[in-house]
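Fold and contact review
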Amino acid sequence: MPPHYFASMNNPVIRKYVSVDKRSVKVNGTDLLLNEQGADFGEFMKQIYHACSISYLKFFKMDPQSKLGFVAAKILLQDDDRDRFEPEEKAIVLANSASSLNTDEKYFESINDIPSPAVFVYTLPNIVAGEICIHHNLKGENTFFIQEEFDIQFMVSYLNILFSTTNTRKAIAGWVEVDLDDNYRAFLMDVEKEGSSEIQGNFTVDFIHQIFKL
Amino acid sequence: MEELKEKLKVQLIAQLNLEDITPEDINSSDPLFGEGLGLDSIDALEIIVLLQKEYGIKIEDTKKGKEIFQSIDTLAAYITENRK
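Residues numbered from 1 in each chain as written. Chains lettered and ligands numbered in written order. Predicted model: local features only at pLDDT ≥ 70, side-chain atom pairs only at ≥ 80, totals over all residues.

Observations regarding the overall build of chain A
The line we're drawing: Only DSSP runs of H or I reaching four residues or more are called helices, and only runs of E reaching two or more are called strands; each is numbered from the N terminus. We compute the radius of gyration from the C-alpha atoms alone; for a globule the expected value is 2.2 Å times N to the 0.38, where N is the number of residues. Here a residue counts as buried when 20 or more other C-beta atoms sit within 10 Å of its C-beta, as exposed when there are 12 or fewer, and as partly exposed otherwise, the C-beta atoms being derived from the backbone. Whether two residues are in contact depends on their C-beta atoms, placed from the backbone: they are in contact if these lie within 7 Å.
When helices and strands are counted, chain A shows eight helices and eight strands. For chain A, the C-alpha radius of gyration of 17 Å lies close to 17 Å, the compact-globule estimate for 214 residues. Principal-axis analysis of the C-alpha atoms gives chain A an extent of 55 × 35 × 30 Å. Going through the 214 residues of chain A one by one, you find that 38% of them count as buried. When contacts within chain A are restricted to residue pairs at least 6 apart in sequence, those whose partners lie at least 24 apart make up 72%.

Here we look at unusual backbone geometry
The backbone phi angle of Asp182 of chain A is positive, close to 65 degrees, even though this residue is not glycine. For Asp182 of chain A, the position within the fold is in the loop between β6 (170-178) and β7 (184-192). Exposure remark for Asp182 of chain A: the 12 C-beta atoms within 10 Å place this residue in the exposed category. Phi at Asn17 of chain B takes a positive value of approximately 50 degrees, unusual for a residue other than glycine. Checked against the element boundaries, Asn17 of chain B lands in the loop between α1 (2-15) and α2 (41-55). Here Asn17 of chain B falls in the partly exposed class, since 16 other C-beta atoms lie within 10 Å of it.

Examining the packing of helix α7 (residues 152-165) of chain A against helix α8 (residues 205-212) of chain A
All names here are of chain A. In plain terms, the rule: Helix axes are fitted to C-alpha atoms over the stretch in contact, other axes to C-alpha atoms as well, and angles between N-to-C directions run from 0 to 180 degrees. For classification, angles of less than 35 degrees are called roughly parallel, those exceeding 145 degrees roughly antiparallel, those between 65 and 115 degrees roughly perpendicular, and all remaining angles oblique. In this scheme the handedness of a crossing depends on how the near helix is turned from the far one: anticlockwise by less than a right angle means left-handed, clockwise means right-handed.
Look at α7 against α8: their axes get within 9 Å of each other, and the N-to-C directions meet at 130 degrees. Between α7 and α8, the interaxial angle falls into the category oblique. Note that α7 runs across α8; the crossing there is right-handed. Where α7 approaches α8, its residues Ile152, Gln153 and Val156 are matched on the opposing element by Val205, Ile208, His209 and Phe212.

Some thoughts on helix α4 (residues 72-82) of chain B
Residues and elements named next belong to chain B. Selection rule: Comment: arc refers to directions from the helix axis out to C-beta atoms.
Every buried residue of α4 is accounted for by Ile72, Leu75, Ala76 and Ile79. One side of α4 holds all its buried residues, which, seen down the axis, span an arc of 95 degrees. On its buried face, α4 sits against α1, α2 and α3 (65-68).

Description of the environment of Asp43 of chain B
Residues and elements named next belong to chain B. As for its placement among the helices and strands, Asp43 is situated in helix α2. Overall, the presence of 22 C-beta atoms within 10 Å leaves Asp43 in the buried class. Distance from Asp43 to Phe33, taken between C-alpha atoms, is 9.0 Å for residues ten residues apart in sequence.

Some thoughts on the nonpolar core
Residues and elements named next belong to chain A. Where we set the bar: A set of buried Ala, Val, Leu, Ile, Met, Phe, Trp, Tyr and Cys residues, joined to one another through C-beta atoms within 7 Å, is what we call a nonpolar core.
Counting 49 residues, the largest nonpolar core has Ala72, Ile92, Leu159 and Leu188 as the members making the most contacts within it. Elements with a minimum of two residues in this core: β1 (13-21), α2 (41-51), α3 (64-76), β4 (90-96), α6 (127-136), α7, β6 and β7. Ranked by the residues each element gives to this core, the list is headed by α3, at seven residues.

Quick word on the interface of chain B and chain A
The condition is simple: Gly falls in the polar group here, along with every residue not listed as nonpolar (Ala, Val, Leu, Ile, Met, Phe, Trp, Tyr, Cys, Pro) or charged (Asp, Glu, Lys, Arg).
Taken residue by residue, the interface counts nine residues in chain B and eight residues in chain A. Classifying every residue of the side of chain B that touches chain A by side-chain character gives three nonpolar, three polar and three charged.

Focus: α1 of chain B
All names here are of chain B. Rules: How far a helix is expected to stretch is found by multiplying one less than its residue total by 1.5 Å.
With 14 residues, α1 extends 20 Å between its outermost C-alpha atoms, agreeing within 8% with the 20 Å of an ideal straight helix rising 1.5 Å per residue. Buried residues along α1 sit in contact with α4. One or two residues past the end of α1 sits Asn17, with phi positive at roughly 50 degrees.

Concerning the pairing of β7 of chain A
Residue and element names in this part refer to chain A. Heads up, the rule is: DSSP-based pairing: two strands are paired if at least 2 bridges between them are found.
Across the nine residues that make up β7, a large majority, eight, are buried. Of the strand pairs in this sheet, β1 and β7 are connected by eight bridges, and their pairing is antiparallel. Its bridge partner lying in β7, Lys16 is registered against Asp190. Where β6 and β7 come together, nine bridges link them in antiparallel fashion. Paired with Ala171 across the strands is Val191, a residue of β7. Hairpin remark: β6 followed by β7, antiparallel, with five residues in the connecting loop; positive phi at Asp182, about 65 degrees.

Next up, the structure:
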């Protein structure tokens, strides 16, 4: 069945979106935190952690990709009413290009000596989704795609299919990547199947193209 | 033994990425798992690696792990008895 068939059945909306890169943290396109000192990845993640008053010691044990996705999701869901939907109605669909290569390489280096179990457990790209699910009690669909670049058309089609064919009513969707050169970007959207009172825009390819570039 | 305990606290903080915890925060007799430092099963594996790397100790009988890893006190006592 073509994706537009499902798209026509729903009217999903983007309630909120968050972007994190080496320059800043943005919420709905507006700066929340700037990396004015040009802090490196680890230091910037720590600054975000403290600025957002996050209290979760496991954060410091995560690999870079999980840290990035975790802070982005934390900011995204900060003001969310956790009980509005059942955990099984909340999905997470993420994508990136580098998979978990950054951590894979670190683990590969460690096997010359005694390999680190704590690094090994992060050698899959979807671990970041698991960390987010555990913290926010998401028990619905859980998928991680590897794509050359963020395929917005695919993401819109996939979520429309989820909203139409499963009990999914809310989804955290987007891009979370830390590559081998330590470049990083997280772009997460809080998408709901039906319109709510406060929305940023419709969950459409054109609108996402617009906000992903901001 | 006291010197070893202090060294172990520093090593655990580094190996297990225990952010915002200082050696002074760790009471040598406090449980390391569950309550106390709240370590988990992956942390237990990291401590096994630490013992092997830093003290040349291999824990052959995994059933003894629970007893050995109970606290800094028990860990230090085991290292003292078994270090090479």
